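Read off the chains here:
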Amino acid sequence: MEKKSTALNKYSRNVTQDPTQPGAQAMLYAIGLTEADLEKPLIGIGSTGYEGNPCNMHLNDLAQLVKKGLKEKDLVGLVFNSIGVSDGISMGTYGMRYSLPSRDIIADSMETVVQAMNYDGLVTVVGCDKNMPGALMAMIRLNRPSILVYGGTIASGCLNNRKLDIVSAFEAWGEKVAGTITEGEFKSVIQNACPGAGACGGMYTANTMASAIEALGMAMPYNSSNPAIGNEKEKDCVEAGRALRLLLEKDIKPSDIISRKSLENAVRLITVLGGSTNAVLHFLAIAKSAGIEFTLDDFQRISDTTPFLADLKPSGKYLMEDVHRVGGIPAVMKFMLENGMLHGDCLTVTGKTIAENLSEVPGLKEGQKVVHPMDQPIKETGHLRILYGNLAPAGAVAKITGKEGYHFSGPAKVFEDEFKANDGIGKGLVKKGDVVVIRYEGPKGGPGMPEMLKPTAAIMGAGLGKDVALITDGRFSGGTHGFVVGHVSPEAQDGGPIALIQDGDIITIDADKNTISVALSDAELKKRRASWKQPALKVQRGSLYKYAKTVSSASEGCVTDQFK
Ligand SMILES: CC[C@H](C)C(=O)C(=O)O
Ligand SMILES: [Mg+2]
């Protein structure tokens, strides 16, 4: 792409080169910049590093490596921090209600710093689930040369020659409640599941979003599959710093890289990998941030025409470390390009196209078992199904790998929130054949649309994965598997039909016809709605109140900056 070169410091020059800004320059000298530095582009390095989470504990060190790469290319890197919360640590507690809102706080905070400080470009160094979409939304809003750097996946844990990961710990609770493991075994799983730094090791939300962002073209090749610990990750951080120079010189911005075609590339990779349902929510929001028409129906269209090929946890056997071992995400993308599943002409942050990047990488390792061949798919079409029906007039998102079948019908077992559901499951109130309904956990009702890994892991751990379905206006962790439907819209707080369900109503989920329905007549639903009263919001002040008052529905990506 031949783009005219512009002043590389077109933003920072407003403070570094303007004689009417002596205070700014005095402060920049104070942080140690020299007169020569003030003539160079200033690049924000937005890190979500913090000590309290394995996904984020090493990010500030990686940010220094990005800074090193920038310096090698005569650019001044300046590290700043945004926030992050841990899905794995907050899961099952009230704190999980802050998880999805943290995405938009990260987007707002990175936008704020880069705009306020007049930085010419941005490299974000991110780790846990919401960090990637939040950082990407900021990059899109700012639309100046940017690269996303993912902190990388965690190594697998190990116990008695059994590979463990974070979901092993979650599911161990269900196994213990069901009596299939002892208290001692339970403790050993917990203590050995996560060996150190890195984001959750299966194809959960962090690895899903990192892989998809690499396919979108906003991260360097191998960035998503290089593990958190090791010289490959250190190298890719320095390379990202170096790579920003070309983007500045050619004035290549996110709006030159993100398009409907590159969004299709991202979603097609998610489908091949069997990625997290959260990617639906986040890519709806990312597309909205970019002003690109991309709706739930686009996910269904791509799912209908893309095979599910990767045998990855939570429903499969392998972890992201195994993807790395057999060639990494570029090798998967090369396989997809060769099979006509990617648009190779999309530009990326290397300044080259997807096809040009992939021409330089080896393919999947001979004989590897992680990614199935085209003629032996795990499922001929995608695992992500967008369901509609009298229970979800505005849509719902199902994760159907086929391992639990494609149809489920049974009596509703209704819980008014996640905590009551966890309590009920723990007390054995959920029986084979039930459709568990967890409601008032949507974007406004939660608020914050929490992930339901605790109940789904308990159901799976109790061996009920094939015998119980679970639907919610909340969402699911990437670690969730089983017969699950989330993002039911409209949510209960807004009076959606899910608010009208009563114990015993027969709910039917058909993943072939993409429908979710309750066996009630329109007249009955109308009668129940007449007596339904909207409950007050669960919070009346603070960040969750602001969120509940501004957030859009899940079928719109839960955006908070585009309210009408
Ligand atoms: C267990 C998985 C992780 C903690 C998560 O929340 C996600 O992938 O969404
Ligand atoms: Mg999560």
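Residues numbered from 1 in each chain as written. Chains lettered and ligands numbered in written order. Predicted model: local features only at pLDDT ≥ 70, side-chain atom pairs only at ≥ 80, totals over all residues. Heavy atoms only, no water.

Looking at an unreviewed UniProt entry, the protein chain carries the name Dihydroxy-acid dehydratase, with the source organism given as Muriicola jejuensis. Word for word, the UniProt comment on the protein chain under Subunit (unreviewed entry) is "Homodimer." You can read under Sequence similarities (unreviewed entry) in the UniProt record for the protein chain the words "Belongs to the IlvD/Edd family." (UniProt positions renumbered as here; feature names shortened; annotations may be inferred.)

S.K.: Talk me through the overall build of the protein chain; I want residue IDs and the actual numbers.
M.R.: Summing up its helical and strand segments, the protein chain has 21 helices and 14 strands in all. What you see for the protein chain is a C-alpha radius of gyration of 23 Å, in line with the 24 Å of a compact globule of 564 residues. Its C-alpha atoms give the protein chain principal-axis dimensions of roughly 75 × 55 × 45 Å. Looking at the 564 residues of the protein chain, the share that counts as buried comes to 62%. (Helix = DSSP H or I, 4+ residues; strand = E, 2+ residues; numbered from the N terminus. Rg over C-alpha atoms; globule rule 2.2 N^0.38 Å. Buried < 20%, exposed > 50% of the residue type's maximum accessible area, 1.4 Å probe, protein only.)

S.K.: Go over the nonpolar core with me, naming the residues and quoting the values.
M.R.: What tends to happen in soluble globular proteins is that the nonpolar side chains get buried as a cluster. Leu136, Met218, Leu244, Ile258, Leu263 and Phe283 are the most contacted members of the largest nonpolar core, which has 80 residues in total. Here this core gets eight residues from one element, more than from any other, and that element is helix 6 (residues 131-142). If sequence neighbours within four positions are ignored, Leu136 has contacts with Leu148, Ile213, Leu216, Met218, Ile258 and Ile286. (Core = buried A, V, L, I, M, F, W, Y, C linked by side-chain atoms within 4.5 Å. Contact = heavy atoms within 4.5 Å.)

S.K.: Which residues make up the coordination of the magnesium ion (ligand 2), and what are the values?
M.R.: Protein coordination at the magnesium ion (ligand 2) comes from Asp87 (OD), Asp129 (OD), Glu451 (OE) and Glu451 (OE), with a distance range of 2.0 to 2.4 Å. Classification of Asp129 by relative accessible area gives buried; the value is 7%. (Donors = N, O, S within 2.8 Å, 3.2 Å for Na, K, Ca; no water.)

S.K.: Requested: an account of empty space enclosed by the protein, with residues and values cited.
M.R.: Taken as a whole and assessed by the stated rule, the structure comprises five cavities of 30 Å³ or more. Considering only enclosed or pocket space, the largest cavity measures out at about 120 Å³ in volume. What lines the largest cavity is a set of 15 residues, and nearest its centre among them are Asp87, Met91, Asp129, Cys200 and Ser477. Secondary structure elements with two or more residues in the lining of the largest cavity: helix 4 (87-90), helix 7 (166-178) and helix 9 (205-216). Here the residues of the lining of the largest cavity are counted per class, giving seven nonpolar, five polar and three charged. What lines the second largest cavity is simply Glu214, Gly217, Ala219, Pro221, Pro330, Met333, Thr348, Ile354, Asn357 and Leu358. Of all the secondary-structure elements, those providing two or more residues to the lining of the second largest cavity are helix 16 (328-338) and helix 17 (354-359). Ranked by residues supplied to the lining of the second largest cavity, first place goes to helix 17 with three residues. Among the residues forming the lining of the second largest cavity, the class breakdown is six nonpolar, three polar and one charged. (1 Å grid on protein atoms, 1.4 Å probe; cavity = no way out; pocket = protein on both sides within 12 Å on 5 of 7 lines; lining within 4 Å. Points joined across faces, edges and corners; volume = space filled by probe spheres on them. Nonpolar A, V, L, I, M, F, W, Y, C, P; charged D, E, K, R; others polar.)

S.K.: Quick rundown of the UniProt feature "binding site: [2Fe-2S] cluster" (unreviewed entry) in the protein chain? Include the residues and the values.
M.R.: The residues that UniProt annotates with the feature "binding site: [2Fe-2S] cluster" (unreviewed entry) are Cys55. Note that Cys55 resides in the loop between strand 1 (42-47) and helix 3 (59-72). By relative accessible area, Cys55 is classed as buried at 3%. Aside from chain neighbours lying at most four places away, what touches Cys55 is Gly127, Cys128, Gly198, Ala199 and Cys200.

S.K.: How would you summarise the packing of aromatic side chains if you had to cite specific residues and measurements?
M.R.: One pass over the structure, following the stated rule, counts three aromatic pairs. Pairing Phe294 with Phe299 gives two aromatic rings, centres 5.5 Å apart and planes at 85°, and the pair type is edge-to-face. By relative accessible area, Phe294 is classed as buried at 5%. For Arg144, the ring lying beneath its charged end belongs to Tyr11, and the centroid distance is 3.7 Å. We note Lys454 situated over the ring of Trp173; from NZ or CZ to the ring centre the distance is 5.4 Å. (Phe/Tyr/Trp six-rings, centres within 6.5 Å; stacked < 30°, edge-to-face > 60°. Lys NZ or Arg CZ within 6 Å of the ring centre and 35° of its normal.)

S.K.: So, a nonpolar patch on the surface: which residues are in play, and what are the values?
M.R.: The grouping of Tyr94, Tyr98 and Phe419 at the surface amounts to a nonpolar patch, some 270 Å² of accessible area in total. One can find Tyr98 in the loop between helix 4 and helix 5 (99-116). Exposure remark for Tyr98: the relative accessible area of 35% places this residue in the partly exposed category. (Patch = residues over 30% accessible without salt bridge, like charges linked within 9 Å, V, L, I, M, F, W, Y side chains within 5 Å. Areas by Shrake-Rupley, 256 points an atom, 1.4 Å probe, with all protein chains shown as cover. Salt bridge = Lys/Arg side-chain N within 4 Å of Asp/Glu carboxyl O.)

S.K.: For the site of ligand 1, give the residues involved together with the corresponding values.
M.R.: Inspection of the region around ligand 1 gives 15 residues, with Asp129, Tyr204, Thr205, Glu451 and Gly478 positioned closest. Here Glu451 contributes a side-chain N or O atom positioned 2.8 Å from an oxygen atom of ligand 1. Burial of ligand 1 by the surrounding chains reaches 99%, relative to a free accessible area of 270 Å². One can see that ligand 1 is located within the largest cavity. Put simply, the parts of the chain that give the shell around ligand 1 at least two residues each are helix 4 and helix 7. The residue makeup of the shell around ligand 1 includes at least three contributed by each of domain 1 (41-155 + 196-359) and domain 3 (385-556). (Near = heavy atom within 4 Å. Polar contact = N/O pair within 3.5 Å; in protein donor to acceptor, adjacent residues only side chain to side chain. Sits in = over half its atoms within 2 Å of the grid points. Domains from an automatic or database assignment.)

S.K.: Which residues make up the confidence of the model for the protein chain, and what values do they have?
M.R.: On average, the protein chain scores 96 in pLDDT, and the residues at 70 or more come to 99%. Taken over the whole predicted complex, pTM reads 0.97, whereas the ipTM for its chain interfaces reads 0.98. (pLDDT = per-residue confidence, 0-100.)

S.K.: Can you break down the UniProt feature "domain: Dihydroxy-acid/6-phosphogluconate dehydratase C-terminal" (unreviewed entry) in the protein chain residue by residue, with the values?
M.R.: Here the UniProt-annotated "domain: Dihydroxy-acid/6-phosphogluconate dehydratase C-terminal" (unreviewed entry) positions come out as residues 369-558. Annotated as 19% helix and 25% strand, the span residues 369-558 places its first and last C-alpha atoms 37 Å apart.

S.K.: Break down helix 10 (residues 231-250) for me, citing the residues and quoting the values.
M.R.: For helix 10, built from 20 residues, the straight-helix expectation of 28 Å at 1.5 Å per residue is met to within 8% by its first-to-last C-alpha distance of 29 Å. The complete set of buried residues in helix 10 reads Lys233, Asp236, Cys237, Val238, Ala240, Gly241, Ala243, Leu244, Arg245, Leu247 and Leu248. In the core, the buried residues of helix 10 are packed alongside strand 1, helix 3, strand 3 (121-126) and strand 4 (146-150). Asp251 lies just past helix 10 and shows a positive phi near 55°. (Expected span 1.5 Å × (residues − 1).)

S.K.: Can you lay out the layout of surface pockets for me, pointing to particular residues and giving the numbers?
M.R.: The computed volume of the largest pocket comes to approximately 440 Å³. Taken together, 27 residues form the lining of the largest pocket, with Gly88, Ile89, Ile166, Ala169 and Phe170 sitting closest to its centre. Residue assignment for the lining of the largest pocket shows that the elements contributing at least two residues are helix 4, helix 7, helix 8 (183-192) and helix 19 (453-461). Among the elements that line the lining of the largest pocket, the one with the most residues is helix 7, at four residues.

S.K.: With reference to specific residues and values, describe the pairing of strand 14 (residues 515-518).
M.R.: Residue alternation in strand 14 divides its side chains into a buried set, Ile516 and Val518, and an unburied set, Thr515 and Ser517. Bridging between strand 13 (residues 506-510) and strand 14 involves four bridges; their strand directions are antiparallel. Among the inter-strand pairings, Ile507 is bridged to a residue of strand 14, identified as Val518. Linking strand 13 to strand 14, which pair antiparallel, is a turn of four residues; within it Asn514 sits at a positive phi near 60°. (Pairing = 2+ DSSP bridges.)

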